[in-house]
Amino acid sequence: MEESLITDSGLPPAPGAEHHPSLALVNSAVALPGGHYVDQLGTPAGADQWLTQQGLTPVDAGMLDMCAAQLRSLREQVRALFASRVAGLPALPAAVAAINDTLTRVPTAPLLVWDESGPYRAMPHPTSELVDHALAALAADAADLLTGPDAERLTACASTPCNRYLLRHGRRHWCSTRCGDRARAARAYARRTGRT
């Protein structure tokens, strides 16, 4: 079956994505029924819009192909770490190294700035470093999620073919009502037809 790319999944943010931008990052590429696929970071303009929506860059920061590729690469590394955590498997060393490299690429302490008003501390964000700062913020959030109290609630959506991750609340194992309805309908059909 050939996948087709569409621009909007129509799905609401997965539970937890409002507090963890790294969840929103891994969920920016979604497999949908019928062989459809959504990649919000597939173009520089899409990456620009996504980063702005997450509050990580100003409007129209001017992402280049290379910047969008860096963002997609980080997404795949974070996705690999989430998959390892959910499955209870060791993480791929390359994924851990990629996150650590991203974290160490930008200064973490405010620098001393001195102008006509006097000295103060500020984080520099020149345009050339916007993507590095956004990537570092996403990597830090992923590291915090994987090592924090929400790590036990991290799970993959239980509805095929959905590939999104979420923070489980109670017994909920789906990223959206639509995925939950699809999974329940598939179970009911299997019971009616005697398939398991």
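For clarity, every value in this text was computed on a predicted model and none was experimentally measured. (Residues numbered from 1 in each chain as written. Predicted model: local features only at pLDDT ≥ 70, side-chain atom pairs only at ≥ 80, totals over all residues. Heavy atoms only, no water.)

1. With respect to the overall build of the protein chain
- Looking only at helices and strands, the protein chain has six helices and seven strands in total.
- Ordered by position from the N terminus, the helices and strands of the protein chain form the series β-α-β-β-α-α-α-β-β-α-β-β-α.
- Long-range contacts, defined as pairs at least 24 residues apart, comprise 54% of the intrachain contacts of the protein chain with a sequence gap of at least 6. (Helix = DSSP H or I, 4+ residues; strand = E, 2+ residues; numbered from the N terminus. Contact = heavy atoms within 4.5 Å.)

2. Focus on the packing of helix α3 (residues 65–87) against helix α5 (residues 130–147)
- Interhelical geometry of α3 versus α5 gives an angle of 5° and a closest axis separation of 11 Å. What the angle tells us is that α3 and α5 run roughly parallel. Contacts from C67, Q70, L71, L74, V78, L81, F82 and R85 of α3 reach α5 at V131, L135, L138, A139, A142, L145 and L146.
- The class makeup of the residues in the contact of α3 with α5 is 13 nonpolar, one polar and one charged. (Axes fitted to C-alpha atoms, helices over the stretch in contact; angles between N-to-C directions. Parallel < 35°, antiparallel > 145°, perpendicular 65-115°, else oblique. Nonpolar A, V, L, I, M, F, W, Y, C, P; charged D, E, K, R; others polar.)

3. Observations regarding α3
- For α3, which comprises 23 residues, the first-to-last C-alpha distance of 33 Å matches the rise-based estimate of 33 Å (1.5 Å per residue) to within 8%.
- If you check which residues of α3 are buried, you get C67, A68, L71, L74, R75, V78, R79, A80, L81, F82 and S84. (Expected span 1.5 Å × (residues − 1). Buried < 20%, exposed > 50% of the residue type's maximum accessible area, 1.4 Å probe, protein only.)

4. Things to note about the nonpolar core
- Counting residues in hydrophobic clusters, the biggest one holds 33 residues, and the most contacted among them are L23, L25, W50, L71, V78, F82 and L154.
- Contributions of two or more residues to this core are made by α1 (21–26), α2 (44–53), α3, α4 (93–104), α5 and β7 (165–167).
- At nine residues, α5 tops the list of elements feeding residues into this core.
- Setting aside chain neighbours within four positions, we find L154 in contact with L23, F82, R85, V86, L145, L146, Y165, L166, L167 and R168.
- A14, L166, C175 and C179 belong to the second largest nonpolar core, which has seven residues in total. (Core = buried A, V, L, I, M, F, W, Y, C linked by side-chain atoms within 4.5 Å.)

5. Overview of the pattern of salt bridges
- For the structure on display, the rule yields six salt bridges.
- Put simply, R75 and E76 hold a salt bridge, and the shortest N to O gap is 3.2 Å.
- Residue classification places E76 among the partly exposed residues on the basis of a relative accessible area of 40%.
- A salt bridge links D150 to R153, with the shortest nitrogen-to-oxygen separation between them at 2.8 Å.
- With a relative accessible area of 21%, D150 lands in the partly exposed category.
- Salt bridges here are not isolated pairs; linked through shared partners, they connect D39, R75 and E76. (Salt bridge = Lys/Arg side-chain N within 4 Å of Asp/Glu carboxyl O.)

6. Quick look at the side chain of T102
- Looking at the element boundaries, T102 is found in helix α4.
- If sequence neighbours within four positions are ignored, T102 has contacts with L74, L135, A136 and A139.

7. Topic: the packing of aromatic side chains
- Throughout the structure, instances matching the rule amount to one aromatic pair.
- Ring plane angle 70° and centroid distance 5.9 Å describe the contact between F82 and Y165, whose orientation is recorded as edge-to-face. With a gap of 83 residues between them, F82 in helix α3 and Y165 in strand β7 connect regions that are remote in the sequence. (Phe/Tyr/Trp six-rings, centres within 6.5 Å; stacked < 30°, edge-to-face > 60°.)

8. Some words on α2
- Among the residues making up α2, those that are buried are G46, A47, D48, W50 and L51.
- Where α2 is buried, its residues touch α1, α3 and α5.

9. Quick word on the confidence of the model for the protein chain
- Chain-level pLDDT for the protein chain is 85 on average; 89% of the residues reach the 70-or-more range.
- For the protein chain, the element scoring lowest by mean pLDDT is strand β1 (residues 4–6), at 42; α1 scores highest, at 97.
- Confidence drops under a pLDDT of 50 for residues 1–7, and excluding neighbours within four residues, the segment shows 17 contacts in the predicted structure. (pLDDT = per-residue confidence, 0-100.)

10. Quick notes on the side chain of T155
- Mapped onto the elements, T155 comes out in strand β6 (residues 154–156).
- Excluding its chain neighbours within four sequence positions, the residues that come into contact with T155 are V86, R164, Y165, L166 and R168.

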